[in-house]
Amino acid sequence: MDIEITFINNSNDMNNSSVVIFQKNVATDFDSTTIAWKVIKNCGRNWSHKFTYPMSFDVGAADCYGNVSDIQAAFNGQKWEVVRSSSGDVLQLSATPSANPNEVEIKNNLSMGSIDALIYKSGSILASKTGVSPGEKAVFQFQPEIYVGVNSQIEQGQVINSAILNDFNQKFSLYGLTKANLIMTGGGTGPTATPFTFDLIPTS
C-alpha cells in the first residue's frame, strides 16, 4: 500500500532551504549511487507539501550510446537483463530469478559496452549503478525507510556525494504506516539558531 506523507515546515528557516529525501541501497557488497529521490523547494514557514511513497518500484537502463530504456514495473526476486536484439539494445525480464529473493538484479548481457542500471520510484530516479560491464550485474535492495536532510545545492535526480551524505543522518522507518506528517523544526539566525530536525508522526 502507498504511504501518504505530508511535509510541514514548522522551522525558523529564513534561507528558503530545500528538503532532500532519499533511500539507500542495502544490498550487500555493492556500491550503488545515492540519488536525491525527492527535493521539496520553496515550501515556506507553516506551509506543507504532500507526496506519496509507493511500495512499488520500476527498473530501467541506459547504454553506452546514450540510449535510455523504457521503465518496467519490477518486483524483488527478479533479474532483468540488457541484451542486443535485431532492433537494438533491449531491457527484458530474465527467465532466471535473482540470487536473493529480497533483491532485484539488472545484468549487462551485451557482448560489448557498459550500461547504467536504474531504479525508479513514483516516476523519479531513486538509485543507479553506472558503468556495469558486460557479464556483470547491479544488485538493489531497499528497506521501507527514508533519509531526510536540508541542502539547497542538490537537485532532484542528482547524485548526492559522500560529504553531503554524512550530514543526512535522520532516518525514518515507514513500517506499518499509511499516512504520516514529516515535520521540520529548528533553523533560524544568530545566537538562537538551532540545527534542523525532523519528526515523522503517524496520522489517521
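### Digging into the overall build of the protein chain
Looking only at helices and strands, the protein chain has 1 helix and 17 strands in total. Projected onto its principal axes, the C-alpha coordinates of the protein chain cover approximately 65 × 35 × 30 Å. A burial count over the protein chain gives 46% of its 204 residues as buried. When the accessible surface of the protein chain is split by element, carbon and sulfur atoms take 47% of a total near 10400 Å². Treating the 13 positive side-chain charges of the protein chain as one cloud and the 18 negative ones as another, the clouds have centres 4 Å apart.

### Description of the nonpolar core
If you look at soluble globular proteins, the nonpolar side chains tend to sit buried side by side. Residues Ile5, Ile21, Val59, Ile106, Ile119 and Leu182 are the most contacted members of the largest nonpolar core, which totals 38 residues. Sequence-distant contacts of Ile119, defined by excluding residues within four places in its chain, comprise Phe57, Asp58, Val59, Val104, Ile106, Ser124, Ile125, Leu126, Ala127, Phe140 and Phe142.

### A word on the pattern of salt bridges
On inspection of all chains with the given rule, the structure shows 6 salt bridges. Among the salt bridges present, the one from Asp89 reaches Arg84, with a minimum N-O distance of 2.3 Å. Notably, a salt bridge pairs Lys137 with Glu105, separated by 3.1 Å at the nearest N-O pair. Within this pair, whereas Lys137 is found in strand E13 (residues 137-140), its partner Glu105 is found in strand E10 (residues 104-108), the two being separated by 32 residues in sequence. Overall, the relative accessible area of 35% leaves Lys137 in the partly exposed class.

### Let's talk about the sheet that holds strand E5 (residues 48-53)
Here we have 4 strands laid out as an open sheet, ordered E5-E1-E16-E17, and mixed in their pairing. Every other strand in the sheet has two partners, leaving E5 and strand E17 (194-202) as the edge strands with one partner each. Neighbouring strand axes in the sheet, compared pairwise and without regard to direction, differ in orientation by 20 degrees on average. In terms of strand pairing, strand E1 (residues 3-9) meets E5 through 6 bridges, oriented antiparallel. If you follow Thr6 over to E5, its bridge partner there is Lys50.

### A look at the sheet that holds E10
Taking strand neighbours across the sheet as the criterion, the 4 strands line up as E9-E8-E10-E13 in an open arrangement whose pairing is mixed. The outermost strands of the open sheet, each flanked by one partner alone, are strand E9 (88-93) and E13. Taking the axes of each pair of neighbouring strands and ignoring which way they run, one obtains an average angle of 20 degrees across the sheet.

Quick notes on the rules
Residues numbered from 1 in each chain as written. Predicted model: local features only at pLDDT ≥ 70, side-chain atom pairs only at ≥ 80, totals over all residues. Heavy atoms only, no water. Helix = DSSP H or I, 4+ residues; strand = E, 2+ residues; numbered from the N terminus. Buried < 20%, exposed > 50% of the residue type's maximum accessible area, 1.4 Å probe, protein only. Areas by Shrake-Rupley, 256 points an atom, 1.4 Å probe, with all protein chains shown as cover. Lys, Arg positive; Asp, Glu negative; His and termini not counted. Charge placed at Lys NZ, Arg CZ, Asp CG, Glu CD. Core = buried A, V, L, I, M, F, W, Y, C linked by side-chain atoms within 4.5 Å. Contact = heavy atoms within 4.5 Å. Salt bridge = Lys/Arg side-chain N within 4 Å of Asp/Glu carboxyl O. Pairing = 2+ DSSP bridges. Axes fitted to C-alpha atoms, helices over the stretch in contact; angles between N-to-C directions.

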